[in-house]
Amino acid sequence: MVRCLRPLLRGTTYTRLLHLWVPMLMESVWLFIDMSKPWVPALVLLPVGLVPAVRVGEGVQARLLLTPGTAEPGISVTPSASWRDRGRTVLWLELRMLLAVPTTFASVWLPVFSYELGRLAGGHTNPHSPLLDEVQPHWAYGLLVPFPLIALYGLVVGLGALATAGARRLLGPSAAERLEALELRTEQLLERTRIARELHDSIGHALTVAVVQAGAARAAGDPGFTDRALAAIEETGRAALEDLERVLGVLREADRPVSARPTLADAGRLLDSARTSGAKVDAEVSGPVAALPGPVSREGYRILQEALTNVLRHAGAVPVRVRVRVTGDRLDLEVRNPLPAPVPGPGRGSGLRGIRERAALLGGTARTGPDEGDWQVRAELPLS
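Residues numbered from 1 in each chain as written. Predicted model: local features only at pLDDT ≥ 70, side-chain atom pairs only at ≥ 80, totals over all residues. Heavy atoms only, no water.

Q: Would you mind showing me how to read the overall build of the protein chain here?
A: If you tally the helices and strands in the protein chain, you get twelve helices and five strands. Counting only residues that meet the buried cut, the protein chain has 39% of its 384 residues in that class. Contacts in the protein chain between residues far apart in sequence, at least 24 positions, make up 70% of those at least 6 positions apart. Accessible surface, the protein chain as shown: approximately 21,200 Å² in total, 65% of it carbon and sulfur. (Helix = DSSP H or I, 4+ residues; strand = E, 2+ residues; numbered from the N terminus. Buried < 20%, exposed > 50% of the residue type's maximum accessible area, 1.4 Å probe, protein only. Contact = heavy atoms within 4.5 Å. Areas by Shrake-Rupley, 256 points an atom, 1.4 Å probe, with all protein chains shown as cover.)

So this is what it looks like as structure tokens:
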């Protein structure tokens, strides 16, 4: 019982009632002009609904009065972009007018009917309702007083819900608008994934290097080595903060150029950081690395960074062979190191997945796993 009465306490019930009343204002004005043709306002709505801007006004009204406070009302507030949208707007205007008739009639006459039943129960005669002209006063009519009000309550709630459903159906986003929203959502998800990958690569690399260097310094017991390790940790930390600032800049400024991100031209600091951590890095760079396209150079840097991070994290201070070759139409990047004991399983970590995803986004390929007694990360990225 309490659940059935909840709509009485909701403001949405009364805003929907107001929305259903509005079309009758135009109808009432017309009835003062010519009562013999009450259908004229509905006829006028046919060309009115074809105006693109009308869909905007109807959408705004529907959002404010039919779905107030709803985060995703499913009602569009953009002009009609096609004849299909115009047709849906016309149907909505006619439906709104159609629903306004029983709503207004019930809102006026059902309270009057309930009042007249009360007068009859009190012994009064001459009711104003034509349905009660021949009825004689009797106390029993007092038992019927609540029923017209209950019927009014049910009509208001039901017609309000019907109007809301019709608005979502007829004023809802078109196929083109839904596609545009889906594309925007996809772009946002891709951007979030890219930012998460940037944080994983830069901060993960810095923390791995710092942990390895700190452990090596403690084990060595050499003050000179410790000083060098602390200096390397400081330098790595500063580089990580710079990377973090770049990523946060992307979050704060949507128009920030991606050219601020590091490229393969900055790979020297990665190699120096790995060497300072104890790894014996044999690096060979060939070809015009500085002339690489921006996306290829940036993603190649991140792939190299993640590969070196995995070496330090899982194998420690071991010999590492790095090969970066730029040919006519592609970039070849290879990182090899001896397999640690125990031999790791197939590469399924988030870092290895990130390497493969970066290569795939550029139309390239990446392979990770054991190869002839070594652990290999090999990526081939097309330059076009």
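Q: It is not clear to me how the pairing of strand β3 (residues 330-338) should be interpreted in this structure. Could you clarify?
A: Side-chain direction in a regular strand flips from residue to residue, so the side chains alternate between the two faces of the sheet. Counting buried residues along β3, seven of its nine residues qualify, which places the element largely inside the surrounding structure. Counting the residues in the hairpin turn of strand β2 (residues 319-326) and β3 gives three residues. Across nine bridges, the pairing between β3 and strand β5 (residues 374-382) is antiparallel. Paired with Val-335 across the strands is Val-377, a residue of β5. (Pairing = 2+ DSSP bridges.)

Q: Even after reading the chapter, I still don't get the UniProt feature "transmembrane region" (unreviewed entry) in the protein chain, so can you show me in this structure?
A: Feature annotation in UniProt places "transmembrane region" (unreviewed entry) on residues 90-110 and 139-162, given in this structure's numbering. The span residues 90-110 is 100% helical and 0% strand by assignment, and the distance between its end C-alpha atoms comes to 30 Å. The annotated region residues 139-162 carries 71% helix and 0% strand content, and the separation between its end C-alpha atoms amounts to 37 Å. (UniProt positions renumbered as here; feature names shortened; annotations may be inferred.)

Q: What exactly am I supposed to notice about the side chain of Arg-378 here?
A: Structurally, Arg-378 is set in strand β5. Not counting the four nearest positions on each side in its chain, Arg-378 is found in contact with Arg-325, Asp-332, Leu-333, Glu-334, Thr-365, Ala-366 and Arg-367.

Q: I'm lost on the packing of aromatic side chains in this one. Help?
A: Any pair of aromatic rings gets described here by the distance separating the centres and the angle formed by the planes. The full count for this structure, using the stated rule, is zero aromatic pairs. Over the ring of Trp-83 we find Arg-86; its NZ or CZ atom is 4.6 Å from the centre of that ring. (Phe/Tyr/Trp six-rings, centres within 6.5 Å; stacked < 30°, edge-to-face > 60°. Lys NZ or Arg CZ within 6 Å of the ring centre and 35° of its normal.)

Q: Please explain helix α4 (residues 40-48) as it appears in this structure.
A: Each α-helix turn comprises 3.6 residues. Residues three or four places apart therefore point the same way. Within the sequence span of α4, burial applies to Val-40, Pro-41 and Leu-45. Projection of α4 onto a plane perpendicular to its axis shows the buried side chains occupying an angular sector of 145°, all on one side. Contacts from the buried residues of α4 go to α3 (23-33) and α6 (83-121). (Arc of directions from axis to C-beta.)

Q: Which parts of the structure should I look at to understand the sheet that holds β3?
A: The strands making up a sheet associate through backbone hydrogen bonding, with each pair oriented either parallel or antiparallel. Strand order across the open sheet formed by five strands is β1-β2-β3-β5-β4, with mixed pairing between neighbours. Among the strands making up the open sheet, the edge pair consists of β1 (280-286) and β4 (365-371). Going from strand to strand, the sheet's axes swing by 10° on average, the running direction of each strand aside. Pairing analysis gives seven bridges linking β4 to β5, with the strands arranged antiparallel. From the neighbouring strand, Pro-370 faces β5, where its bridge partner is Trp-375. In the packing of helix α10 (residues 267-276) onto the sheet, contacts are made with β1 and β2, and the angle to β1 comes to roughly 165°. Contacting β2, β3 and β5, helix α11 (residues 294-314) runs over the sheet at an angle of about 5° to β3. (Axes fitted to C-alpha atoms, helices over the stretch in contact; angles between N-to-C directions.)

Q: Any chance you could explain the pattern of salt bridges here in plain terms?
A: Proximity of charged atoms lets side chains of opposite charge pair with each other. The full count for this structure, using the stated rule, is 14 salt bridges. Taking the shortest distance from any N to any O, the salt bridge between Arg-275 and Asp-272 comes out at 3.3 Å. Of this pair, Arg-275 and Asp-272 both sit in helix α10, three residues apart, roughly one helical turn. Owing to a relative accessible area of 35%, Arg-275 belongs among the partly exposed residues under this scheme. You can call Asp-272 partly exposed: its relative accessible area is 42%. Members of the salt-bridge network, linked through shared partners, are Arg-321, Arg-330, Asp-332, Glu-334, Arg-336, Asp-374, Arg-378 and Glu-380. (Salt bridge = Lys/Arg side-chain N within 4 Å of Asp/Glu carboxyl O.)

Q: Whenever I open this one, the nonpolar core confuses me. Can you help?
A: Across soluble globular proteins, you tend to see nonpolar side chains buried next to one another. One finds Leu-264, Leu-304, Leu-308, Val-320, Val-322, Leu-331 and Val-335 to be the most contacted residues of the largest nonpolar core, which totals 35 residues. When contributions to this core are tallied by element, the ones reaching two or more residues are α8 (175-220), α10, α11, β2, β3, α12 (350-361) and β5. Element by element, the count of residues in this core is highest for α11, at eight residues. Counting 15 residues, the second largest nonpolar core, distinct from the first, contains Val-54, Ile-75, Leu-159 and Ala-167. (Core = buried A, V, L, I, M, F, W, Y, C linked by side-chain atoms within 4.5 Å.)

Q: Whenever I open this one, α6 confuses me. Can you help?
A: With 39 residues, α6 ought to run about 57 Å at 1.5 Å a step, and its terminal C-alpha atoms sit 57 Å apart, in line with that. In α6, a bend of some 30° at Ala-106 exceeds every other bend along the element. (Expected span 1.5 Å × (residues − 1). Bend = angle between axes of the 7 residues up to and from the residue.)

Q: Please clarify how a nonpolar patch on the surface should be interpreted in this entry.
A: There is a patch of nonpolar side chains on the surface, built from Leu-5, Leu-8, Leu-9 and Tyr-14 and spanning about 430 Å² of accessible area. Its relative accessible area of 39% is what places Leu-8 among the partly exposed residues. (Patch = residues over 30% accessible without salt bridge, like charges linked within 9 Å, V, L, I, M, F, W, Y side chains within 5 Å.)

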